[in-house]
Protein chains: 2
Amino acid sequence: MGEHQMMSLSALIDARDGGKTDPEEMVQSSRDAIAREEPGIGAFAHIAENPVIAPQGPLAGVAVGVKDIFDTADQPTAYGSPVYPRHRPRVDAAIVELAMRRGATIIGKTTTTEFAFFHPTATRNPHNPAHTPGGSSSGSAAAVAAGMIPVAIGTQTGGSVVRPAAFCGVAGYKPSYRLLPTGGMKHFSPSLDTTGLFAASVRDVALFAALLTDRELAAGPVEPSKIRVGVYRCAQLGDADPDMRAALEQAAGRAADAGFAVSDIAEPDALARARDAHGVIQDHEAGLVCGSDLARHRDQLSSRLIEAIERGQTISPVTYDDARRNAKRGRAAARALFDDVDLLLTPSAPGAAPKGLETTGDSRFNRLWTLMGTPAVNIPGLRAANGLPLGIQAVGRFGGDRALLAAAAALEQAL
Amino acid sequence: MGEHQMMSLSALIDARDGGKTDPEEMVQSSRDAIAREEPGIGAFAHIAENPVIAPQGPLAGVAVGVKDIFDTADQPTAYGSPVYPRHRPRVDAAIVELAMRRGATIIGKTTTTEFAFFHPTATRNPHNPAHTPGGSSSGSAAAVAAGMIPVAIGTQTGGSVVRPAAFCGVAGYKPSYRLLPTGGMKHFSPSLDTTGLFAASVRDVALFAALLTDRELAAGPVEPSKIRVGVYRCAQLGDADPDMRAALEQAAGRAADAGFAVSDIAEPDALARARDAHGVIQDHEAGLVCGSDLARHRDQLSSRLIEAIERGQTISPVTYDDARRNAKRGRAAARALFDDVDLLLTPSAPGAAPKGLETTGDSRFNRLWTLMGTPAVNIPGLRAANGLPLGIQAVGRFGGDRALLAAAAALEQAL
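These numbers come from a predicted model, not from an experiment. (Residues numbered from 1 in each chain as written. Chains lettered and ligands numbered in written order. Predicted model: local features only at pLDDT ≥ 70, side-chain atom pairs only at ≥ 80, totals over all residues. Heavy atoms only, no water.)

It is worth spelling out a positive patch on the surface at this point. Taken together, the side chains of Lys328, Arg331 and Arg335 of chain A together with Lys328, Arg331 and Arg335 of chain B make up a positively charged region of the molecular surface. Elements represented by at least two residues in the positive patch include exactly helix H11 (317-340) of chain A together with helix H11 (317-340) of chain B. Here arginine 335 of chain A lies in helix H11. (Patch = residues over 30% accessible without salt bridge, like charges linked within 9 Å, V, L, I, M, F, W, Y side chains within 5 Å. Areas by Shrake-Rupley, 256 points an atom, 1.4 Å probe, with all protein chains shown as cover. Salt bridge = Lys/Arg side-chain N within 4 Å of Asp/Glu carboxyl O. Lys, Arg positive; Asp, Glu negative; His and termini not counted. Charge placed at Lys NZ, Arg CZ, Asp CG, Glu CD. Helix = DSSP H or I, 4+ residues; strand = E, 2+ residues; numbered from the N terminus.)

Next comes the structure, spelled out in structure tokens:
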């Protein structure tokens, strides 16, 4: 496919506010790009026929792709599953309504794996159509990477924002837990399900978050020497590809060259234990929240999803409560860790996007941070030997989203 | 109306397991009671025509009323609102599926105020039809109180389980946050929305929780002298009716007579401040999660709900984040408090059920504990001068549901 020219939200907003474009033209340019690129990518589950274009609002003219795990009243909502054909919810999910209230245009529903779990979509990686774009927010990442839309909305329960962002070479931002609303999404594990955002760069995704929420999240200037960057030396690093391990060292080196205060951080035991709690919590909750899908529509679920729900239903409350306690201890350890460091660098995934569309990749570098509720963002820019993007994940203190995004935007420049 | 004979879950389960009744007969007896009592009460939004009766399972034969804020695939789901006519979700809410999986019969949908907020239903208090049953879980409390069903499911975001239980003279149990799943409910404020249970007595509601979840929650014997009961002397006590204040002293006195270690507990400042955070958090989240209802169906919402959603949409993220921090400090103070005491006693409401159906009463004694996520249960048994029930609320340590229910069941005997 070669390289796609991505749409920069910052550039679009600047042009709009400077009178060089207007909302109609902005949305039309996305529609044109979708007409051109979508046949080769398959990032959309549905494309709006006559999308509403607001004349004003902070996001006026911004064409947003919404992962089809969120309810939309104007467009069909299938949650990546044949259980929900012709499903048209009566109201929009909270994040969709919020985007519309700020003036955004909901340009289409982006593909999701089945219930945002593992069963893949047919979406292709814009950097190489033989490779997965990652998941579960497959279409959101791919549509931004292919230059069809400037921004998209997704969700992460394990690694479903940061990983596809890494595979597609875009910025993917998983905010602190509850910073963005999840109301009106098809839940899988409510204590983990987190709404996240995609854009071409960290600066763009921070601007999107700011315009969407009216929070002061836009990435401002930073003083690198005052930012303590920890290279997170967890045991999982041994699972990463050589390319990925080299990319992490490269990122650390460039951060140091740019003046950041870089050091190595060992993984506290409490965080290693918390990582193991993620699967127990996710599966137990999925056993409850998807229990009725299994009971009523078993023949329309994938075998892997059936297994996950059934496994969850065998996890006892005692085991679940133990996992929640380990998660709580992990959060205390994470708080302590961020007294010594401002952000952590880790791989966003074990390597570049795997070949084939049968798997969406592995979330082992993401699950812990989803469980901790700490903000995380994929910093794009590096490449594997095969030319595919490699992503570096920056993780910040719970509630410290603004500082994380500012530092990550500066690191992105350094990479 | 006089007094209704309530159905005891413990007695029903004992009779079933002893071969003196069977699931068919158990459900039929609820159907008969509904046919007899429902016309005078109006506790049901919908009654199942041919409810499924499971031959076995821990809850086989138990007719459960489900608040119509939860999705049901076999019965219409209206969330107490005209926005959702003929709405029939494709799957059941997690708690509904769990109850069915354990063998329960979903006998009907019980009435809820609009979106579980304040706009009342036409449900009447079984103890006096001129009085409110409380809300928002109006039908769940009234149906149990009227002896139509042994148990019901509701939700609490402010005081929507404990208060109607108090007004109707039944046990209402709001578990620790996330002990019961909320998936598939119409959310109002996701960080507060809590699924809760109703039964004739504390012992019965504990048994229901145990059979439903497979947790060890059934109320076992306790040694009163080892249980430190704190009478919670918060400033709000001054807002309670004289009857209610007298009932709290009476409860404390009877607890002391029964051998419990009773003392007075002053409200920590951090908890007083956290109480004020509840409204900010609730309204901000409702502004997001119900934003699309307002945008798309404003003409079908009550004026009070419109006001609440609009008010929520004016609350800035900074104010919301401040309230969350106050809530967090409050939770730390609550943990410390429960180092000194095993359970707290407070009023469940400012007094008995108010006259009239225009209001469902006041949640000022409940909101703090919903926000803290601590388990709370209404202990029925006392009466106001006008003969209506007065409820005493027992509050326990987060995650200490089993100890709370056991102690509250013993206190119920003492009252």
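Moving on from the coordinates now.
Counting residues at the interface gives 43 residues for chain A, matched by 44 residues for chain B. Taken together, both faces of the contact between chain A and chain B bury some 3300 Å²; the carbon and sulfur share is 49%. Broken down residue by residue, the surface that chain A buries against chain B is led by Arg90, Arg178 and Arg296 of chain A, which jointly contribute 23%. Between chain A and chain B we count six salt bridges in total. At the junction of chain A and chain B, the tally comes to 16 residue pairs in polar contact (both at pLDDT 80 or more). Elements represented by at least two residues in the side of chain A that touches chain B include exactly helix H3 (94-101), helix H8 (269-289), helix H9 (291-297) and H11 of chain A. Grouping the amino acids of the side of chain A that touches chain B by side-chain chemistry returns 17 nonpolar, nine polar and 17 charged. (Contact = heavy atoms within 4.5 Å. Buried area = accessible area lost by both parts, 1.4 Å probe. Polar contact = N/O pair within 3.5 Å; in protein donor to acceptor, adjacent residues only side chain to side chain. Nonpolar A, V, L, I, M, F, W, Y, C, P; charged D, E, K, R; others polar.)

All right, on to the pattern of salt bridges then. Here the structure, examined in full by the defined rule, presents 38 salt bridges over all chains. A salt bridge links arginine 325 of chain A to aspartate 322 of chain A; its shortest N-O distance comes to 2.8 Å. With arginine 325 of chain A and aspartate 322 of chain A both in helix H11, this residue pair falls three residues apart, about one helical turn. Among the ionic pairs, arginine 298 of chain B bridges to glutamate 310 of chain B, the shortest N-O distance being 2.8 Å. Here arginine 298 of chain B, found in the loop between helix H9 (291-297) and helix H10 (303-314), pairs with glutamate 310 of chain B, found in helix H10; they are 12 residues apart in sequence, far enough to count as distant.

Once that is clear, we can look at the confidence of the model for chain A. Looking at chain A as a whole, its pLDDT mean stands at 97, while 99% of the residues score no less than 70. Scored by ipTM, the complex comes to 0.95, with pTM at 0.97. (pLDDT = per-residue confidence, 0-100.)

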